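Coordinates in review
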Amino acid sequence: MKRKSFSIFFFILFIILAILIFLSIPKKITKNPKGTLGNTAGNLNNNGLFCENNGIVFFANAYDNGDLYSMNLDESNIKKISSAIVTSLNADSNYLYYHQNDSSSASDLGSYFRYYGIYRCKKNGKEAVCLNRDSIKTFLLIDNSIYFQLKDDHEKLSLNRMGTDKKKEEKIVDYEINPNSSNNGLIYFNGIEDDHYLYTLDTISKQVEQVYKGNLWNPIFQDNFIYYMNLDDNYSLCRYDLFTNTMQVLSTDRVDYFNVCKEYVYYQTNATDAAFKRVKIDGTEDKIIKNGVFENINITSKYVYFNGFGAPTPVYKVNTYGDGSVNTFDAAKEAALLSK
């Protein structure tokens, strides 16, 4: 009887070990084509709460504590795909990447845990894998690597890189670089420690080069222009032409946050008459969208989403290329109620 019990015990132990070994084997991750970017710089600079990929929008639903949802561009087929509370959303053809930064439900265990760090999951929200549990400020997927700001125990930031397969993590530079704006293998960023000039980091050679001696903040590359906040001119909204090496003021308003699409720059002014506004990328047709103070300006090809400063809900939206009429993101609220 004892021999039979020992046999059953070792058989169960063998099965458990086999499962653990199988789970520990890294799964092969499909390679991305050159030029892949996980999200736009403007979205990531505004916490990366929305991410458009192949006609699908993945977003943190503010009406459901920031849990991960997906929907079509027109807000149809909206559904909850994970109880992870997400920011810094990135996507490629096969996976989602996000920063999980608060308590998330582990319903299969019937309790709550705290999981922090960068995660990868399938686009249906399944098979989430933690890639890094360190304190992360922001990150961008470029081709087959994730570039992320890492904060150490002394609150010092560095730029690190790791593969989407969780391999080959390395420190690129030991100072702060915002990796969110990239094009053709270059990361565009403003200096932090010595100056606020415009620089590029070559993701292949790791070489840093100075591009423009402007006193700027939050540069966004689009179509060979750099859109930025001008620190020498009361945080006015400007753009720099990389071809002609010329600068243009788009708005003299003091800017808190901004985001860029093909035709417009959407931005929040900081003044006694604060407002959420938009201006064409050539500086014409400056228009007030909604009076007040707002944040988290995230853009898809269909809508621009934003919310009141310090007030996650209601979430407002305006048609990206429409007349500027403001509505609320009711579909997200209704989907959150149905998911309870």
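This section reports on the structure supplied with the text. (Residues numbered from 1 in each chain as written. Predicted model: local features only at pLDDT ≥ 70, side-chain atom pairs only at ≥ 80, totals over all residues. Heavy atoms only, no water.)

**Some points on the overall build of the chain**
Heads up, the condition is: Runs of E in the DSSP output that reach at least two residues are strands. Runs of H or I that reach at least four are helices, and both are numbered from the N terminus. Burial classification: accessible surface area is computed with a 1.4 Å probe over protein chains only, and a residue below 20% of its type maximum counts as buried, one above 50% as exposed, and the rest as partly exposed. Every residue pair with non-hydrogen atoms within 4.5 Å of one another is taken to be in contact. Areas reported as accessible are Shrake-Rupley estimates using a 1.4 Å probe. Residue values count occlusion only from the protein chains shown.
Counting its regular elements, the chain contains three helices and 29 strands. Each of the 340 residues in the chain was classed as buried or not, and the buried ones make up 47%. The contacts in the chain between residues at least 6 apart in sequence include a share of 39% that link residues at least 24 apart. Surface accessibility of the chain: about 17400 Å² in total, with carbon and sulfur atoms responsible for 51%.

**Regarding the pairing of strand 5 (residues 95-100)**
Condition: The pairing criterion is simple: DSSP has to find at least two bridges between the two strands.
Burial runs high along strand 5: six of the six residues are buried. Neither face of strand 5 is left uncovered, since the one carrying Tyr95, Tyr97 and His99 and the one carrying Leu96, Tyr98 and Gln100 both have all their residues buried. Across four bridges, strand 4 (residues 79-91) lies against strand 5 in antiparallel orientation. The residue bridging Asn90 from the neighbouring strand is Tyr97, located in strand 5. The hairpin formed by strand 4 and strand 5 contains three residues between the paired strands. Here strand 5 pairs with strand 8 (residues 117-122) via six bridges, running antiparallel. Residue pairing in the sheet places Leu96 in a bridge with Cys121 of strand 8.

**So, the packing of aromatic side chains**
The criterion, for reference: Working definition: rings of Phe, Tyr and Trp (its six-membered ring) pair if their centres are within 6.5 Å, and the pair is stacked with planes under 30 degrees apart, edge-to-face with planes over 60 apart, and tilted otherwise. Charge-over-ring placement is defined geometrically: NZ (Lys) or CZ (Arg) within 6 Å of the ring centre, and within 35 degrees of the ring normal.
Evaluated as defined, the whole model comprises 21 aromatic pairs. Between Tyr264 and Tyr266, the aromatic rings sit 6.0 Å apart at their centres with planes inclined by 65 degrees, giving edge-to-face as the arrangement. There is no split in this pair, since Tyr264 and Tyr266 are both buried. Cation over ring: Arg120 sits above Tyr95, and NZ or CZ is 5.3 Å from the ring centre. Lying over the aromatic face of Tyr264, Arg278 brings its terminal NZ or CZ to 4.0 Å of the ring centre.

**Details of the sheet that holds strand 18 (residues 216-222)**
Threshold: A fitted line through C-alpha atoms serves as each axis, taken over the contacting stretch for helices, and the angle formed by two N-to-C directions is quoted from 0 to 180°.
With antiparallel pairing, four strands are arranged side by side in an open sheet as 18-19-20-21. Of all the strands in the sheet, the pair left with one neighbour each is strand 18 and strand 21 (246-251). Recorded for the sheet is a direction-independent mean angle of 25 degrees between the axes of neighbouring strands. Note that strand 18 and strand 19 (residues 225-230) share five bridges and pair antiparallel.

**As for the pattern of salt bridges**
Should the charged atoms of two oppositely charged side chains come close, the side chains can pair. Heads up, the condition is: Any Lys or Arg side-chain nitrogen located within 4 Å of an Asp or Glu carboxyl oxygen qualifies as a salt bridge.
Scanning the model with the defined rule gives 12 salt bridges in all. We note a salt bridge from Lys122 to Glu127, for which the minimum N-O separation is 3.3 Å. Across the salt bridge formed by Glu193 and Lys156, the nearest N and O atoms sit 3.9 Å from each other. Residue Glu193 is found in the loop between strand 15 (186-190) and strand 16 (198-202), and its partner Lys156 is found in the loop between strand 11 (145-151) and strand 12 (157-163); the two are separated by 37 residues along the sequence. Classification of Glu193 by relative accessible area gives exposed; the value is 56%. Note on Lys156: relative accessible area 40%, which makes it partly exposed. In this structure, a network of salt bridges that share partners links the residues Asp64, Asp67 and Lys80.

**Description of the side chain of Asn43**
With respect to the secondary-structure elements, Asn43 resides in helix 2 (residues 41-45). When neighbours within four sequence positions are excluded, Asn43 is seen to be in contact with Gly48, Phe50, Asn259, Ile297, Asn298 and Ile299.

**Some points on the nonpolar core**
Just so we agree on the cut-off: Buried residues of nine kinds, namely Ala, Val, Leu, Ile, Met, Phe, Trp, Tyr and Cys, make up a nonpolar core once their side-chain atoms join them within 4.5 Å.
Core analysis: the biggest nonpolar cluster contains 29 residues, and Phe50, Phe59, Leu68, Tyr98 and Phe329 have the highest contact counts within it. Here this core takes five residues from strand 4, the largest share from any one element. Among residues more than four places away in sequence, those in contact with Phe50 are Asn39, Asn43, Val57, Phe58, Phe59, Met71, Leu89, Asn298, Tyr305 and Phe329. Counting residues in each nonpolar core, the second largest holds 14 residues, with Phe225, Val260, Tyr267 and Ile281 among its members.

**Let's talk about the environment of Asp256**
The line we're drawing: Any pair of nitrogen or oxygen atoms within 3.5 Å is treated as a polar contact; in protein, a donor-acceptor pairing is required on top of that, and neighbouring residues in sequence qualify only through side-chain atoms on both sides.
Structurally, Asp256 is set in strand 22 (residues 255-260). Classification of Asp256 as partly exposed rests on a relative accessible area of 27%. Along the chain, Asp256 and Glu295 lie 39 residues apart, while their C-alpha atoms are 8.4 Å from each other. Beyond its immediate chain neighbours, meaning those up to four positions away, Asp256 contacts Met229, Gln268, Thr269 and Asn270. At a separation of 3.0 Å, a polar atom in the side chain of Asp256 contacts the side chain of Asn270.

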